[in-house]
Amino acid sequence: MPMNCLGSRLAIATIAVSLALALPASAQFAPPPARPVAPKATAPSPRAASCHNGASFDRFLADVKQQAAAAGVSQRAIAEASPYLVYDQGIVNRDRGQRVFGQLFTEFAGRMAAPYRMQNGQQHIKQYAAAFARAEKEYGVPPAVIAAFWGLESDFGANMGNLPTLKSLVSLAYDCRRSEMFVNETIAALKIIDRGDLHPDEMIGSWAGELGQTQFLPVHYVNYAVDYDGDGRRDLLHSRADVIGSTANYIANGLKWRRGEPWLEEIKVPPNLPWEKTDLTVREPRSTWAQLGVTYPDGRPLPSDNLPASVLLPMGRTGPAFMAYANFSAYTEWNNSLIYSTTAGYLASRIAGAPPMRKPAAPVAQLPFNELKQLQQLLVQAGFNVGKIDGVLGQQSRAAVKAMQIKYGLPADSWPTAELLARMRGSTAQAQPAGVVR
């Protein structure tokens, strides 16, 4: 799902949880869920009103409707949507109770970039060749890139979610955690209704309000959805042509895709690579990486040119290695989970014809969940901001790990190891005043 507007709302495994529900190949062409009847309301938590000057949900909703009208939404559209604009505490509980867990990139990519999904992507490119060709000509986005997101987000329309979108949006808008954002998303959803793209009873999707086969939030739907089949509607739930064109538009203009440039390629790194350079924030010409001994997996040399690229090691120096180009930023903008974005880029490369990635020569050691949490706690004590102490290796945790690896003279590949944890435990113990017992 396009998530750049959500900041860091979901960590790696939250995406894994939602995507693990994707249907198998045999179910990929299941009919869309039946339209829901107008949902029933549930009582809001008392704390929900704390950021709205104590206003009740009904009073808050009246204000949202006034804002929508001021933004140009017709009273007709507001009236049509009103039966669906009800509060559901269950949605808010689900948002607040998101559980995350760590997962190796090879495990996640092995499931989500499985051969059947690659083959399905290739089949869809053939089946809808005209729409893909048009999108590539107009927006410069390769068919494989569009198909990879399409497959990951909904298995090509088979798993779009089954919850009333308006209920989800307005419930999250009344809650105080991200109220302003979801007020804007609610108004955008009303604009979708107003311009005739979808009826309120058609608007069903994920619990967080995403819509359609590539899971657009309503603001993205309003800004980037296009009518590619010429029926006068922008229908990302049912029209495959609209899905292809709209996704290309968003990638090109929302995520600033660079026409004609690569995005992600597997590479082979030498054992003596300067590991501190292996970071998405470090870009060097391919000629520099070639001089440092980086090659393609089969040993072929990299092109000796000035195209900037980063070396990405999602599981450290003993795991898979990739050359990430400027276009890879579109993936991290779509979803800021490194595991998701790398998997999406890898799946696109597979759909485009790349061979499967090499398996690591030996299993890559991963710290257990509790030890990852302890390492995060120690990193916080050392002055780093790692976000939530949740046992998940997000971008902030990886950056802090790299800094401590450099401090201790360890290979700075951003991958947490038992040796780093032992060093940090020892450092903390030495800093503890005598007589203090933890």
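Definitions and cut-offs
Residues numbered from 1 in each chain as written. Predicted model: local features only at pLDDT ≥ 70, side-chain atom pairs only at ≥ 80, totals over all residues. Heavy atoms only, no water. Disulfide = S-S within 2.5 Å. Helix = DSSP H or I, 4+ residues; strand = E, 2+ residues; numbered from the N terminus. Buried < 20%, exposed > 50% of the residue type's maximum accessible area, 1.4 Å probe, protein only. Pairing = 2+ DSSP bridges. Contact = heavy atoms within 4.5 Å. Axes fitted to C-alpha atoms, helices over the stretch in contact; angles between N-to-C directions. 1 Å grid on protein atoms, 1.4 Å probe; cavity = no way out; pocket = protein on both sides within 12 Å on 5 of 7 lines; lining within 4 Å. Points joined across faces, edges and corners; volume = space filled by probe spheres on them. pLDDT = per-residue confidence, 0-100.

K.L.:
Would you mind showing me how to read the state of the cysteines here?
P.N.:
Structurally, a disulfide amounts to a covalent bond that connects the sulfur atoms of two cysteines. Scanning all chains against the criterion turns up 1 disulfide. Residue pairing for Cys 51: its cysteine sulfur links by disulfide to Cys 176, the two sulfurs lying 2.2 Å apart. The chirality of the disulfide connecting Cys 51 with Cys 176 is left-handed, given an S-S dihedral of about -95 degrees. A residue pair is termed long-range when its members are at least 10 positions apart, and Cys 51 in the loop between helix 1 (12–19) and helix 2 (57–70) and Cys 176 in the loop between helix 9 (165–174) and helix 10 (179–194) qualify at 125 residues. Overall, the relative accessible area of 37% leaves Cys 51 in the partly exposed class.

K.L.:
Honestly, the sheet that holds strand 5 (residues 308–312) in this entry has me stumped. Any pointers?
P.N.:
Note on sheets: strands pair through backbone hydrogen bonds, and any given pair is parallel or antiparallel. An order of 3-6-5-4 is seen for the 4 strands of this open sheet, with the pairing classed as antiparallel. Since the sheet does not close on itself, it has two edges, and those belong to strand 3 (264–267) and strand 4 (284–285), each with one partner. Packing against the sheet, helix 15 (residues 338–351) makes contact with strand 3, strand 5 and strand 6 (321–324), and its axis sits at approximately 90 degrees to strand 3.

K.L.:
Looking at this structure, how should I read empty space enclosed by the protein?
P.N.:
Using a probe with the size of a water molecule, rolled over the atoms, empty space left in the structure can be pinpointed. Scanning the model with the defined rule gives 2 cavities of 30 Å³ or more in all. There is about 30 Å³ of room inside the second largest cavity. Lining the second largest cavity are Leu 372, Leu 375, Gln 376, Leu 379, Leu 393, Ser 397, Val 401 and Pro 416. Listed by contribution, the elements that provide at least two residues to the lining of the second largest cavity are helix 16 (369–381) and helix 17 (395–408). Sort the elements by how many residues they give to the lining of the second largest cavity and helix 16 lands first, with 4 residues.

K.L.:
Explanation requested: the environment of Pro 297 in the structure shown.
P.N.:
Summarising the element assignment, Pro 297 is placed in the loop between helix 13 (286–291) and strand 5. Under the relative-accessibility criterion, Pro 297 is labelled partly exposed at 25%. Residues Pro 297 and Glu 266, 31 residues apart in the sequence, show an inter-C-alpha distance of 6.7 Å. What Pro 297 contacts, discounting residues up to four positions off in sequence, is Glu 266, Ile 267, Lys 268 and Arg 358.

K.L.:
Mind showing me how you'd approach the confidence of the model for the chain here?
P.N.:
Fine structural detail should not be taken from predicted coordinates in areas where pLDDT scores are low. In this model, the chain carries a mean pLDDT of 89, and residues with pLDDT of at least 70 account for 85%. Confidence over residues 4–33 falls short of pLDDT 50; this stretch has 73 contacts with residues more than four positions distant or in other chains. Segment residues 433–438 is flagged for pLDDT under 50; beyond a separation of four residues in sequence, or across chains, it makes 3 contacts in the model.

K.L.:
Could you clarify how one ought to interpret the environment of Asn 249 in this entry?
P.N.:
You can see Asn 249 is positioned in helix 12 (residues 240–254). On the basis of relative accessible area, Asn 249 is assigned to the buried category, the value being 9%. Aside from chain neighbours lying at most four places away, what touches Asn 249 is Tyr 139, Asn 223, Tyr 224, Val 226 and Gly 254.

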